[in-house]
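These are the residues of each chain, in order.
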Amino acid sequence: MAKVLCVLYDDPIGGHPDSYARDGLPELSGYPGGQTLPSPKGIDFTPGHLLGSVSGELGLRRFLEERGHTLVVTSDKDSDRFERELAEAEVVISQPFWPAYLTAERIARAPKLKLAVTAGIGSDHVDLDAAIEHGVTVAEVTYCNSISVAEHVVMMILSLVRNYLPAHRTVLDGGWNIADVVARSYDLEGMDVGTVAAGRIGLAVLRRLKPFDVRLHYTDRHRLPAEVEEELGLTFHPDAAAMVPHCDVVTVNAPLHPETEGLFGDELIATMKRGAYLINTARARIADRDAIVRALDSGQLAGYAGDVWYPQPAPADHPWRSMRHHGMTPHISGSSLSAQARYAAGTREILECWLDGTPIREEYLIVEGGALAGTGAHSYSTR
Ligand SMILES: NC(=O)c1ccc[n+]([C@@H]2O[C@H](COP(=O)([O-])OP(=O)(O)OC[C@H]3O[C@@H](n4cnc5c(N)ncnc54)[C@H](O)[C@@H]3O)[C@@H](O)[C@H]2O)c1
């Protein structure tokens, strides 16, 4: 029988909700491009309810306990108790919003660990080289929140360019000084917008921005089909360095791996247009923390927004909390109630496959059998 260690974020301060702002969720028939939605044999939760915090348990308890497995759910990811649980666990589940960092040292101290599931997308909180070395399978719920993030990116681009957050702050403060706000407010129309990576999120961002009458650019290791480039009027660039000098707005939608770590440092940012906006909902360490602060101070960047930090949770004195012209949120974009229903179902699907000994979908795999596999082979690299 397996011990499953599930690390989730804390419940709301006022306790687990007993009612919600809306009744239910819209029904989707599939993902763009034809990938099917998660298809577990059953679910023990109500879609639209809070599942990603400790009391929500991703809706997994009944399913696992009925089969005789042990489920430990905790928000505690950094104590001795976590280390003790980890030493006994066959499966570790965590969400990128509240990542249980599975470093090489921790993996070495977890002799029973066989499966690390990301309830979400982005498995960089697992040391993939160590997972490969120790034969640990890494799987994530590909596509579960890609559209959620794409919506957040569009929101953040518009908020920065139009200077929405300071305008809202003016209202909260009881003020009406229009000039203070509009002195940094522009239209997106006519701008050049580029994405670093045009996978599930990046392409969805491009599609959503098309009606804003902007010029669209992208770079990716895998070029999009010619008909997609034509449909959206895309300009392809061989790498980020070739793309960013052309862009007023840059959005980052690549995984964090050796090719992308530290990409947006002083050097690359210096080649951007003065007053460009940078939106990074991918992973914090794709950008150099202090270079971002410097670029906002100097005016090289007019704004920075995103929801990804390092480490997570971000310490109270993290400089991105107080830097100028930022539109940061905590890591929430991929954890809307809509997304939670999909990744809870996808996590259940992965566990059903694991426990029944049937194959996990190819697109959910990041590492399997001692190598990058599935989406991992497509989108990541090793050291
Ligand atoms: N903020 C959030 O809540 C949140 C939620 C989901 C995903 N994410 C992040 O977004 C990433 C992308 O998600 P997705 O669903 O689009 O994944 P995806 O696998 O569909 O797309 C990733 C794309 O990145 C490209 N890529 C990889 N390395 C590259 C490089 N060096 N240069 C250019 N392109 C490169 C790949 O070719 C692929 O097209 C995730 O890995 C994760 O880090 C964040």
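Reading the values: rules and limits
Residues numbered from 1 in each chain as written. Predicted model: local features only at pLDDT ≥ 70, side-chain atom pairs only at ≥ 80, totals over all residues. Heavy atoms only, no water. UniProt positions renumbered as here; feature names shortened; annotations may be inferred. Helix = DSSP H or I, 4+ residues; strand = E, 2+ residues; numbered from the N terminus. Buried < 20%, exposed > 50% of the residue type's maximum accessible area, 1.4 Å probe, protein only. Domains from an automatic or database assignment. Contact = heavy atoms within 4.5 Å. Buried area = accessible area lost by both parts, 1.4 Å probe. Salt bridge = Lys/Arg side-chain N within 4 Å of Asp/Glu carboxyl O. Polar contact = N/O pair within 3.5 Å; in protein donor to acceptor, adjacent residues only side chain to side chain. Nonpolar A, V, L, I, M, F, W, Y, C, P; charged D, E, K, R; others polar. Pairing = 2+ DSSP bridges. Axes fitted to C-alpha atoms, helices over the stretch in contact; angles between N-to-C directions. Parallel < 35°, antiparallel > 145°, perpendicular 65-115°, else oblique. Left-handed = near helix turned anticlockwise from the far one by under 90°. Expected span 1.5 Å × (residues − 1). Right-handed = clockwise from strand over helix to strand, strands pointing away. Patch = residues over 30% accessible without salt bridge, like charges linked within 9 Å, V, L, I, M, F, W, Y side chains within 5 Å. Areas by Shrake-Rupley, 256 points an atom, 1.4 Å probe, with all protein chains shown as cover.

- By the naming in an unreviewed UniProt entry, the chain goes by Formate dehydrogenase and is assigned to Nonomuraea endophytica.
- Annotation of the chain in UniProt includes, under Sequence similarities (unreviewed entry), the sentence "Belongs to the D-isomer specific 2-hydroxyacid dehydrogenase family. FDH subfamily."
- The chain has a UniProt comment under Subcellular location (unreviewed entry) that states "Cytoplasm".

**Observations regarding unusual backbone geometry**
Here's step 1: Cis rather than trans, the peptide bond between Tyr310 and Pro311 has omega equal to -10°.
Here's step 2: Following the sequence through the fold, Pro311 ends up in the loop between β11 (301-306) and α13 (337-356).
Here's step 3: The step from Gln312 to Pro313 runs through a cis peptide bond, and the omega angle for that step is 0°.
Here's step 4: Relative to the helices and strands, Pro313 resides in the loop between β11 and α13.
Here's step 5: One non-glycine residue, Asn163, lies in the positive phi region at around 65°.
Here's step 6: Inspection of the secondary structure puts Asn163 in the loop between α5 (146-162) and α6 (164-172).
Here's step 7: The class of Asn163 is buried, set by a relative accessible area of 9%.

**Some thoughts on the domain arrangement of the chain**
Here's step 1: Per the domain assignment, the segments of the chain are domain 1 (3-145 + 335-373) and domain 2 (146-321).
Here's step 2: On a C-alpha basis, the centroid separation for the pair domain 1 and domain 2 is 28 Å.
Here's step 3: Taken together, the 19 residues of domain 1 in the interface contact 11 residues of domain 2.
Here's step 4: Across the domain 1/domain 2 interface, buried area totals approximately 1100 Å², and carbon plus sulfur atoms make up 48% of it.
Here's step 5: Looking only at domain 1, the three residues that lose the most surface to domain 2 are Asp124, Tyr143 and Asn145, adding up to 43% of its buried area.
Here's step 6: In this structure, the salt-bridge partner of Arg283 is Asp124, at a minimum N-O distance of 2.7 Å.
Here's step 7: Remark: the boundary between domain 1 and domain 2 carries 13 residue pairs in polar contact (both at pLDDT 80 or more).
Here's step 8: The residue inventory of the side of domain 1 that touches domain 2, partitioned by class, reads 10 nonpolar, 5 polar and 4 charged.

**A closer look at the sheet that holds strand β1 (residues 3-7)**
Here's step 1: Spatially, the 7 strands line up as an open sheet ordered β2-β1-β3-β4-β5-β12-β13, and their pairing is mixed. Each edge of the open sheet is held by one strand with a lone partner, namely β2 (70-74) and β13 (371-372).
Here's step 2: Alignment of β1 against strand β3 (residues 91-94), held across 4 bridges, turns out to be parallel. Of the residues in β3, the one forming a bridge with Val4 is Val91.

**Some details on the packing of α5 against helix α8 (residues 200-209)**
If you want to describe how two helices pack, look at the angle between their axes and the distance between the axes.
Here's step 1: Running from N to C, α5 and α8 point in directions that differ by 50°, and their axes come no closer than 8 Å. As summarised for this structure, α5 and α8 are arranged oblique, according to the angle between their axes. The two elements α5 and α8 cross, and the hand of that crossing is right-handed. Note on element contacts: α8 touches α5 through Arg200, Ile201, Ala204, Val205, Arg208 and Leu209, opposite Ser146, Ile147, Val149, Ala150, Glu151, Val153, Val154 and Ile157.
Here's step 2: For the contact of α5 with α8, the class distribution of residues is 10 nonpolar, 1 polar and 3 charged.

**A closer look at α5**
Here's step 1: Look at α5: 24 Å from first C-alpha to last across 17 residues, which is about the 24 Å you get at 1.5 Å a residue.
Here's step 2: Extensive coverage of α5 is indicated by the burial of 13 of its 17 residues.

**A few points about the side chain of Thr142**
Here's step 1: Take Thr142: it is sitting in the loop between β5 (137-140) and α5.
Here's step 2: A polar side-chain atom of Thr142 sits 2.5 Å from the main-chain carbonyl oxygen of Glu363.
Here's step 3: Those residues in contact with Thr142 that sit more than four places away from it in its chain are Tyr31, Gln35, Ile121, Arg200, Glu363, Tyr364 and Thr375.

**Some words on the pairing of strand β7 (residues 215-219)**
Here's step 1: Most of β7 is tucked away: 4 of the 5 residues are buried.
Here's step 2: Two elements, β7 and strand β8 (residues 234-236), share 3 bridges in a ladder whose sense is parallel. Paired with His217 across the two strands is Thr235, which belongs to β8.
Here's step 3: Viewed along the sheet, the connection from β7 through helix α9 (residues 226-232) into β8 turns out right-handed.

**Looking at a nonpolar patch on the surface**
Here's step 1: A surface patch of nonpolar side chains, amounting to about 390 Å² of accessible area, comprises Trp176, Ile178 and Val182.
Here's step 2: Mapped onto the elements of the fold, Val182 is located in helix α7 (residues 178-182).

**With respect to the pattern of salt bridges**
It is possible for side chains bearing opposite charge to pair when their charged atoms get close.
Here's step 1: For the coordinates displayed, the defined rule picks out 29 salt bridges.
Here's step 2: Note that Asp187 is salt-bridged to Arg162, the shortest N-O span being 2.9 Å. Taken together, the positions of Asp187 in the loop between α7 and β6 (192-196) and Arg162 in helix α5 put the pair 25 residues apart, joining distant regions of the chain.
Here's step 3: Taking relative accessible area as the criterion, Asp187 reaches 47% and is therefore assigned partly exposed.
Here's step 4: Shared partners join several salt bridges into a network, and the residues in it are Asp44, Arg62, Glu66, Arg348 and Glu352.

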